[in-house]
Amino acid sequence: MMQLFWCPNTRAVRVVWMLEELSLEYELVNIDIRDTSRPRPDAFAEASPMGKVPALADGAVRMAESSAICLYLADRYGDGVLAPAIDDSRRGAFLYWLMYAPAVIEPAMAERFGNHATSRVSHGWGDFDTMIAVLAGHVATHRWALGEQFSAADVMLGSSANFMKMFGILPDSAPVEAYIERCLERSAYQKALAINAAGGAP
Ligand SMILES: N[C@@H](CCC(=O)N[C@@H](CS)C(=O)NCC(=O)O)C(=O)O
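The rules we used
Residues numbered from 1 in each chain as written. Predicted model: local features only at pLDDT ≥ 70, side-chain atom pairs only at ≥ 80, totals over all residues. Pairing = 2+ DSSP bridges. Helix = DSSP H or I, 4+ residues; strand = E, 2+ residues; numbered from the N terminus. Axes fitted to C-alpha atoms, helices over the stretch in contact; angles between N-to-C directions. Contact = placed C-beta atoms within 7 Å. Near = placed C-beta within 6 Å. Nonpolar A, V, L, I, M, F, W, Y, C, P; charged D, E, K, R; others polar. Core = buried A, V, L, I, M, F, W, Y, C linked by C-beta atoms within 7 Å. Buried ≥ 20, exposed ≤ 12 C-beta atoms within 10 Å, placed from the backbone. Expected span 1.5 Å × (residues − 1). Parallel < 35°, antiparallel > 145°, perpendicular 65-115°, else oblique. Left-handed = near helix turned anticlockwise from the far one by under 90°.

S.K.: Explanation requested: the sheet that holds strand β2 (residues 26-30) in the structure shown.
M.R.: Sheet strands associate in pairs through backbone hydrogen bonding, adopting either a parallel or an antiparallel arrangement. Ordered in space as β2-β1-β3-β4, the four strands form an open sheet in which the pairing is mixed. Where the open sheet ends on each side, the last strands, each with one partner, are β2 and β4 (61-64). The mean angle between the axes of side-by-side strands here comes to 20°, regardless of whether they run parallel or antiparallel. Across four bridges, strand β3 (residues 55-58) lies against β4 in antiparallel orientation. Within β4, the position partnered with Leu-56 by the bridge is Met-63. The strands that helix α1 (residues 12-21) touches are β1 (2-6) and β2; relative to β1, the one it contacts most, it runs at about 150°.

This is the structure we're talking about:
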């Protein structure tokens, strides 16, 4: 059975959401990210050179990075449901929004948390306000990242938007709030949040 190396209240919860969307069987292996002195499974070290969760062991596959794991799971097990096929014209937009979370939202969050100076042109993520404006503009006119079809991109965008809300840095934005609510209505996300609240118990 595939193993997800995770820790409650981290980005790993989004991969639990993804696994639940796909109704896959998996084992949660808890990694205490705050105590590096505790022994860690070899498979975790192989999967995550940075020692970060989430990380995945699936057969011979070892990998980390939540967006990469979501893409892997969608392509490998989604049967076209959570990711458009390689030759589908929506694939480009899908990849853009999937990567928008780690490439734009998360660095912009760090900018906001750290009170760093903005530099829209030279910073790869633009700046926090533009990041929010672009996200809000898209979800104001699209139910999901791709329109009517929910996809792995929404697992990344929705969980990132919900992080911003939970951390109190989401500015007033009715479209983003409504998008988070749409995500929270999904039973797979509810199950992942319940697993998280229970510390890993299903
Ligand atoms: N870009 C990575 C970020 C992963 C990450 O930073 N995970 C944090 C928890 S949210 C972690 O494992 N921190 C422990 C550490 O870095 O030692 C992803 O999206 O998977």
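S.K.: Sorry, what's going on with the site of the ligand here?
M.R.: Surveying the vicinity of the ligand reveals the residues Thr-10, Arg-11, Ile-33, Gly-51, Lys-52, Val-53, Pro-54, Glu-65, Ser-66 and Pro-102. Taken together, the residues of the shell around the ligand sort by class into four nonpolar, three polar and three charged.

S.K.: Could you clarify how one ought to interpret the nonpolar core in this entry?
M.R.: Nonpolar side chains in soluble globular proteins generally cluster together in the buried interior. Counting 55 residues, the largest nonpolar core has Leu-4, Trp-6, Val-16, Cys-70 and Ala-152 as its most contacted members. It is helix α4 (residues 91-113) that contributes the most residues to this core, eight residues altogether. In this view, Trp-6 contacts Ala-12, Val-16, Leu-28, Asn-30, Ile-31, Val-53 and Pro-54; residues no more than four positions away in its chain are not counted.

S.K.: Hey, could you run me through helix α3 (residues 66-77) in this one?
M.R.: It helps to recall that an α-helix has 3.6 residues per turn; residues three or four apart then point in one direction. In a regular helix each residue adds 1.5 Å, so twelve residues correspond to 16 Å; α3 covers 16 Å between its end C-alpha atoms and thus fits that length. Looking only at α3, the buried set comprises Ser-66, Ser-67, Ile-69, Cys-70, Leu-71, Leu-73 and Ala-74. Buried residues along α3 sit against α1, β3, β4, α4 and α6 (152-166). Positive backbone phi, approximately 50°, marks Asp-79, located one or two places after α3.

S.K.: Teacher, can you tell me more about α6 here?
M.R.: A rise of 1.5 Å per residue sets the reference length of α6, with its 15 residues, at 21 Å; its end C-alpha atoms lie 21 Å apart and thus fit the reference within 8%. By the criterion of burial, α6 is predominantly enclosed, with twelve of the 15 residues buried. Taken together, the buried positions of α6 are Ala-152, Ala-153, Asp-154, Val-155, Met-156, Leu-157, Gly-158, Ser-159, Ser-160, Ala-161, Asn-162 and Met-164. Tucked inside the fold, the buried residues of α6 contact α1, α3, α4 and α7 (174-184). Phi for Gly-168, located one or two positions after α6, is positive at around 75°.

S.K.: What is the right way to read the packing of α3 against α4 from this model?
M.R.: When two helices pack together, their arrangement is given by the angle between their axes and by how far apart the axes lie. Interhelical geometry of α3 versus α4 gives an angle of 160° and a closest axis separation of 9 Å. With respect to α4, the element α3 is oriented roughly antiparallel. Like other packed secondary-structure pairs, α3 and α4 cross with a definite hand, here right-handed. Of the residues in α4, those in contact with Ser-67, Cys-70 and Leu-71 of α3 are Leu-98, Met-99, Ala-101 and Pro-102. Split into classes, the residues belonging to the contact of α3 with α4 amount to six nonpolar, one polar and no charged.

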